[in-house]
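Structural overview for review
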Amino acid sequence: MKPTLPRTAATRLHDSTQPLPPHKLIPCPCCHEPLQHTALHCAHCGAEKHYGPRLHELLLYALSGLALCLALIFILTPHAFSTASFWLYPLLGSGLTAGFLLAQFRFSGERWIQHRKK
Ligand SMILES: [Zn+2]
């Protein structure tokens, strides 16, 4: 007895006989060579697709948030450092977190990053 395929599988097989649509090509943003739409790195110039912030950007933003928070505290309450109040630390932590979150929002999309050639 011939095995029968379920209807969905048969449909899929039927569809596969159709010519597949040509792969979408996009120009590489760095060297403008044609590139697969889904490619994660460019074979021509070595550029890589990145999602979200990179580590040094995260650190930079978090530290600038911390520095900004420090400056604000220093401007608003110059005596805070001499007294070393207990609320100083959660406040600095919130500055760090704000910088971290800012980096997440700032670099939320996908980017192409070309590594510097040495
Ligand atoms: Zn490229």
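Residues numbered from 1 in each chain as written. Predicted model: local features only at pLDDT ≥ 70, side-chain atom pairs only at ≥ 80, totals over all residues. Heavy atoms only, no water.

**Examining the UniProt feature "transmembrane region" (unreviewed entry) in the protein**
- In this numbering, the UniProt entry assigns the feature "transmembrane region" (unreviewed entry) to residues 58-81 and 87-107.
- Within the segment residues 87-107, helix and strand shares are 90% and 0% respectively, and the terminal C-alpha atoms sit 31 Å apart. (UniProt positions renumbered as here; feature names shortened; annotations may be inferred. Helix = DSSP H or I, 4+ residues; strand = E, 2+ residues; numbered from the N terminus.)

**Observations concerning the packing of helix H2 (residues 55-76) against helix H4 (residues 88-106)**
- Where H2 contacts H4, the two axes come as close as 7 Å, and the packing angle between them is 140°. For the element pair H2 / H4, the angle class is oblique. For the pair H2 and H4, the sense of crossing is right-handed. For the pair H2 and H4, contact is made by Glu57, Leu58, Tyr61, Ala62, Gly65, Leu66, Cys69, Leu70 and Ile73 and by Leu88, Leu91, Leu92, Gly95, Leu96, Gly99, Phe100, Leu102, Ala103, Gln104 and Arg106, respectively. (Axes fitted to C-alpha atoms, helices over the stretch in contact; angles between N-to-C directions. Parallel < 35°, antiparallel > 145°, perpendicular 65-115°, else oblique. Left-handed = near helix turned anticlockwise from the far one by under 90°. Contact = heavy atoms within 4.5 Å.)

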